[in-house]
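# What the coordinates show
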Amino acid sequence: MGPDLEINALYAAAMTGDKISEERLFQALSVRFRLFALQRIWEEEDCYDVVQNTMLVIAREYKTTKFTTSFSAWAYKVLDNRILAYFKSRKGRSAKTETLSENPPDRNLVETDPTLEPRLLDCIKKVAGANRRYARILNLYYQGYSTREVCERLKIMPNHSYVTLSRARSMLELCLEKGVIE
Amino acid sequence: MSDCTDRRFESMLHHYELGLLSDEERGELELHLMECSHCFERVNRFQPAARHFKFNPRVHKLISELAGSEADQPVEAPPKKVSEGRRRIFTPAFIPAIMVAAIVLLVLVLKPWRLEISPTEEALAVENRLAVMYFENLVEEQDTQRLGEIISSLLITDLSESKYVRVVSSQRLHDILRHLGEDDVRRVDRALASRVAEKAGVQWILTGQILQIEPALVLKYEIVEISSGNVVVSDRISGLPDENVFSLVDRFTVDIKQTLSLPEEAQREVDRSVAEVTTYSEAAYRYYLEGVELISKMYSLEAVDRFEKAVEHDSTFAMAYYYLAQYKDRSLVAKAVEYSSGATRLERLYIDALEAQYGADYPRYVETLNKIIETYPEEKTPHLKLWSYYYQIRNYNEALPHLLRAIEIDPLYKLTYNWLAYTYDRLGDFENSIRAIDRYISLEPDEANPYDSRGDLYARNGKLSQAMASYRKALQIKPNFYSSLRKLGHMYMFSGEYARADSCYQALSKMEGGQESWSVLFPPLSLVFQGKLNQAVKVYEEQIEQYMKLYPDGNPAFLIRLKAFVYLQQHNYQMAIRELERVMQLNREKSPSVILNDRNIYAQFLAESGDFEKAEQVVEEIRNDKDKSPLMENAYWYALGAIDRARGDLDAAVENFEKAAADIDEFTTRYMLARSYLESGRLSQAVRLLERQILIYDEGWRICIGTWNILLHYYLGLAYENSRWDDKAIEQYRIFLDFWGDGDPDIDEVTDARERLARLQSKT
């Protein structure tokens, strides 16, 4: 993927008939949509289907649709609608299947990099050593507390929770890349 | 790849990856990720690690160990919002998924509202309790005529007439099925029926199929005892030539009662024909059932259509009139009463209660509802109606227990959480109100009303943009959800976006069954919001004429009242009083059941004009009517407070306004109390109350009066300035002048605010 992923710019170029831009536009959309859909749909296969369907709709309609906002907002809305449609259709399944599907299947952790888990565990230890509050916040989230409740328990402002997790995440990124946190 | 231009979004990335954002926040962030390559790349690169954070139990364990003492504390799983699709699962892997679901459900339902269900109560609930499932139509799979539902509903109705068997209501069954993710009520197999029975807490379950429709109905059915799993009976019942479904159900009910182990008296009790207590028309009954279902979804316009069709087919259908009286025309309660002999015992009590309510006979209304509770302890509706009554008279402390009892009876009834959210909000418990509304959203993520309600809660707590987003979400789900459209219009008004507000009100007026009054009200109201009061007065009169042309039988009192308030602001007391007298006269003619009829405001206007003698006469009239409605008590203290204030006796004014505001969460009272605090030098109380009032974007009096909504900022500015909080005072004066600065030049408060602002700015 090239460095320039500016969706609306690619769309503008694609609308002039630039095939390369069109291809890059769909590639950029596809990778984003897969990520977004995975946030909401457990099953990877279902996720793939939803993204495919979304792409088909966009490919069919993007040249003729008049947007009230921007292309990217419209495209995102198409995805959102497809995801909602997916959930509606899923309601017909048996409740048993629904319940089981709430438990994340092992395949959510299908590993492409076997070194990732040990590296990540090591980095979490390092980050938590530097910022103990990070582990405490995460642990409370794991226990099911909302952001507000976590903040109340730890006597911190909500913004603080965002900042703490955000900084810890940056340290983790660095650690996973270079093995150190600073 | 350049850096992110919005640090707010960048700081949300880890929350996003962990699934900790609300639906709205997630949507906003993903839109950002569509356009920000920097943030997207960060999320994309980190995705493999993020999945470990979500799903890897070894990561969870490590975090727990690293958290140290925090992890040693007992886990008090708080109620969580369960949104559509993927949700947060951070539960230890060794707990079976089904247990997790059960625990979460119990916590969701029980914890925030501290309900307790003892084993004894459960056992009592099961005894002699039967669930009748929908009959599967094997002849016509789609069951377009809803025959399966009609048969089960008639059976439920007929069996419910017995004192010896308790039957789970259709509404409850519907809720349970929906909760189990089964929208298609026509496909209930035995396994699912057992799960429904378990949730409903019943001794027996009846399932069945329609084997034949023509030339006569043939049904197959089975009754199973849940505790043992034994089939009590498995049989067929065949219709006779020309026998209708009502008659067949009558015979069927007798068979069922004989089959169940009921006391001997059960066989001897009077068993009226089910048609006698419902309707003789199958079509009418079908429309009626559709209407009831639509009401449960808050789609009242569509429901009214079905109830009207029901009475077209059976003009003596009492319960169809009962609903029409509630959702279309109150006067139809008379028809419900007239034909109430054709309703069940329980329905007759409901009709009686409704008649009492509409006749303003509140003691009888409350008594009848309590009688239903006593006779039918598992009925949640009387609790909901009592909640509604106490809620409307703003006695929220009395209202809350009824709602909690309704939840105890039926934890799956989704609307209860909606009302619970509002009640907690009125009690000042925003935390629990949001918990309740999130629960409602989790139960009905695809319906508009939960989002509309969440918008209301945000609006009442100063979160204008979140309120707008929620209303928009509701409209996205149901574009003709006019309540959200109206309130979105109000939010635009509050934020000074008049063109957008107008477009909402215009759209509202064009909607079938919509509310034209707001598009009529908008032109003068928007002028008031901009301080163009002289022009507003003229436009009000034009709009009143237009309204009367459009709706010759309508009541333009709402428009005239607002005009009166503009005159009040202009100190034109003579005209203000005259217009308010018009309002009162119109209400006497067109809405005679309104007891208060603005008399407290009238007393205020009279007192402010200096006519204390007449004002006191009005107070005396209010005092004489104090027993007719609990609201009159508040009105009485309000009127007294207004007279005291006009006389300059500010301590007495404060005392009386405080009494008026004691049990009432209402804009005008609190506004007057705040002004009295300010004028009497009680600055901290004035600041506190005005700050709170400014955050309540109420769609009631605050939006309608217009002038007082804007003046809130001026008075808060004064309160701040007198408290030596110059910066805050400057801010409020600026907001005030943003609204009214370009308006009429002769508004005293504007002149004063300008001078004060200039003085404060020169100081700083």
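A brief structural summary. Just so you know, these numbers come straight off a predicted model, no measurement behind them.

Rules used throughout
- Residues numbered from 1 in each chain as written.
- Chains lettered and ligands numbered in written order.
- Predicted model: local features only at pLDDT ≥ 70, side-chain atom pairs only at ≥ 80, totals over all residues.
- Heavy atoms only, no water.
- Helix = DSSP H or I, 4+ residues; strand = E, 2+ residues; numbered from the N terminus.
- Buried < 20%, exposed > 50% of the residue type's maximum accessible area, 1.4 Å probe, protein only.
- Contact = heavy atoms within 4.5 Å.
- Axes fitted to C-alpha atoms, helices over the stretch in contact; angles between N-to-C directions.
- Parallel < 35°, antiparallel > 145°, perpendicular 65-115°, else oblique.
- Left-handed = near helix turned anticlockwise from the far one by under 90°.
- Nonpolar A, V, L, I, M, F, W, Y, C, P; charged D, E, K, R; others polar.
- Phe/Tyr/Trp six-rings, centres within 6.5 Å; stacked < 30°, edge-to-face > 60°.
- Lys NZ or Arg CZ within 6 Å of the ring centre and 35° of its normal.
- Pairing = 2+ DSSP bridges.
- Salt bridge = Lys/Arg side-chain N within 4 Å of Asp/Glu carboxyl O.
- Arc of directions from axis to C-beta.
- Polar contact = N/O pair within 3.5 Å; in protein donor to acceptor, adjacent residues only side chain to side chain.
- Disulfide = S-S within 2.5 Å.
- 1 Å grid on protein atoms, 1.4 Å probe; cavity = no way out; pocket = protein on both sides within 12 Å on 5 of 7 lines; lining within 4 Å.
- Points joined across faces, edges and corners; volume = space filled by probe spheres on them.

Glancing now at the overall build of chain B. A count of helices and strands for chain B gives 41 helices and 5 strands. The buried share of chain B, taken over its 764 residues, is 57%. Of all intrachain contacts in chain B linking residues separated by at least 6 positions in sequence, the fraction that spans at least 24 positions is 59%.

Right, let's talk about the packing of helix H14 (residues 282-296) of chain B against helix H15 (residues 300-313) of chain B for a bit. All names here are of chain B. Close contact between H14 and H15 brings their axes to 8 Å; oriented N to C, the two are set at 165 degrees. The pairing of H14 with H15 is recorded here as roughly antiparallel in orientation. Crossing angle aside, the handedness with which H14 passes H15 is left-handed. Contacts between H14 and H15 involve Ala283, Ala284, Tyr287, Tyr288, Glu290, Gly291, Val292, Leu294 and Ile295 from the former and Ser300, Glu302, Ala303, Arg306, Phe307, Lys309, Ala310 and His313 from the latter. Counted by class, the contact of H14 with H15 contains 10 nonpolar, 3 polar and 4 charged residues.

Our focus in this paragraph is the packing of aromatic side chains. Within this structure, the stated rule accounts for 42 aromatic pairs over all chains. An angle of 65 degrees between the planes, with centres 6.1 Å apart, marks the rings of Tyr11(A) and Tyr62(A) as edge-to-face. On the criterion of sequence distance, the pair formed by Tyr11(A) in helix H1 (residues 7-15) and Tyr62(A) in the loop between helix H3 (44-61) and helix H4 (71-90) is long-range, its members being 51 residues apart. The exposure class assigned to Tyr11(A) is buried, which follows from its relative accessible area of 15%. Since its relative accessible area comes to 1%, Tyr62(A) is described here as buried. One aromatic cluster is present, built from ring pairs that chain together Phe565(B), Phe605(B), Phe667(B), Tyr671(B), Trp701(B), Trp708(B), Tyr714(B), Tyr715(B), Tyr733(B), Phe736(B) and Trp740(B). Directly above the aromatic system of Phe40(B) lies the positively charged group of Arg32(A), at a separation of 4.2 Å from the ring centroid.

Strands belonging to one sheet form pairs held by backbone hydrogen bonds; the direction of such a pair is parallel or antiparallel. All names here are of chain B. The mixed open sheet is built from 5 strands, whose spatial order is E2-E1-E3-E4-E5. The sheet terminates laterally at strand E2 (166-167) and strand E5 (231-238), the two strands that pair on one side only. Strand direction decides the pairing type here: strand E1 (residues 129-137) and E2, joined by 2 bridges, are parallel. Residue arginine 129 lies in a different strand from E2, and its bridge partner there is arginine 166. Its contacts with the sheet put helix H11 (residues 190-200) on E1, strand E3 (204-212), strand E4 (218-225) and E5, and the angle it makes with E3 is roughly 145 degrees. In this fold helix H12 (residues 245-259) packs onto E1, E3, E4 and E5, with an angle of close to 160 degrees to the strand it touches most, E5.

Another point: the pattern of salt bridges. Residue and element names in this part refer to chain B. Considering all chains together, one arrives at 54 salt bridges over all chains under this definition. Between glutamate 30 and arginine 26 there is a salt bridge; the shortest N-O distance is 3.7 Å. Placement of both glutamate 30 and arginine 26 in helix H3 (residues 23-35) is noted, with a separation of 4 residues, approximately one turn of the helix. Glutamate 30 gets classed as buried once you look at its relative accessible area, which sits at 1%. The partner of aspartate 651 in a salt bridge is arginine 682, and the shortest N-O contact between them spans 3.1 Å.

Moving on, we come to helix H5 (residues 57-67) of chain B. Regarding H5(B), the residues found buried are Val59(B), His60(B), Leu62(B), Ile63(B) and Ala67(B). Mapping the buried residues of H5(B) onto a view down its axis gives an arc of 165 degrees, with all of them on the same face.

On to the environment of Asn449(B), then. All names here are of chain B. Within the fold, asparagine 449 resides in helix H24 (residues 448-459). Among the residues examined, asparagine 449 registers a relative accessible area of 5% and is labelled buried. Taking C-alpha positions, asparagine 449 is 8.6 Å from asparagine 418, a pair spaced 31 residues apart along the chain. With residues up to four places along the chain from it excluded, the contact list for asparagine 449 reads Met298, Leu415, Asn418, Tyr440 and Phe481. Reaching out from asparagine 449, the side chain makes a polar contact with the side chain of tyrosine 440 at a distance of 3.0 Å.

Those residues of H1(A) that sit buried are Ile7(A), Leu10(A), Tyr11(A) and Ala14(A). Buried residues along H1(A) cover an arc of 105 degrees about the axis, so they all sit on one side.

Below, the discussion takes up the state of the cysteines. Residues and elements named next belong to chain A. Overall, the coordinates contain 1 disulfide over all chains when judged by the stated rule. Through a disulfide, cysteine 123 is tied to cysteine 175; the S-S separation comes to 2.1 Å. Taking the torsion about the sulfur-sulfur bond, which here is approximately -85 degrees, the covalent link between cysteine 123 and cysteine 175 counts as left-handed. Here cysteine 123, found in helix H6 (residues 116-130), pairs with cysteine 175, found in helix H9 (residues 158-178); they are 52 residues apart in sequence, far enough to count as distant. On the accessibility criterion, cysteine 123 (2% relative accessible area) is buried.

Time to look at the pairing of E3(B). Note: E1(B) against E3(B), 6 bridges, orientation parallel. Across the sheet, Glu136(B) pairs through a bridge with Gln209(B), a residue of E3(B).

A few words on the environment of Arg42(B). Along the polypeptide, Arg42(B) turns up in helix H4 (residues 37-55). On the accessibility criterion, Arg42(B) (9% relative accessible area) is buried. It is 9.3 Å that separates the C-alpha atoms of Arg42(B) and Glu10(B), two residues lying 32 residues apart in sequence. For Arg42(B), the contacting residues outside a window of four places in its chain are Arg169(A), Ser170(A), Glu173(A), Glu10(B), Leu13(B) and Glu17(B). At 3.3 Å, the side chain of Arg42(B) and the side chain of Ser170(A) are in polar contact.

All told, the structure shown has 5 cavities of 30 Å³ or more when counted by the stated rule. Here the largest cavity defines a volume of roughly 90 Å³. Contributing to the lining of the largest cavity are 10 residues, with Gln39(A), Glu17(B), Gln47(B), Ala50(B) and Arg51(B) lying nearest its centre. Elements with a contribution of two residues or more to the lining of the largest cavity: helix H2 (19-40) of chain A together with H4 of chain B.

The quantities given are spatial measurements derived from coordinates; they are silent on function.
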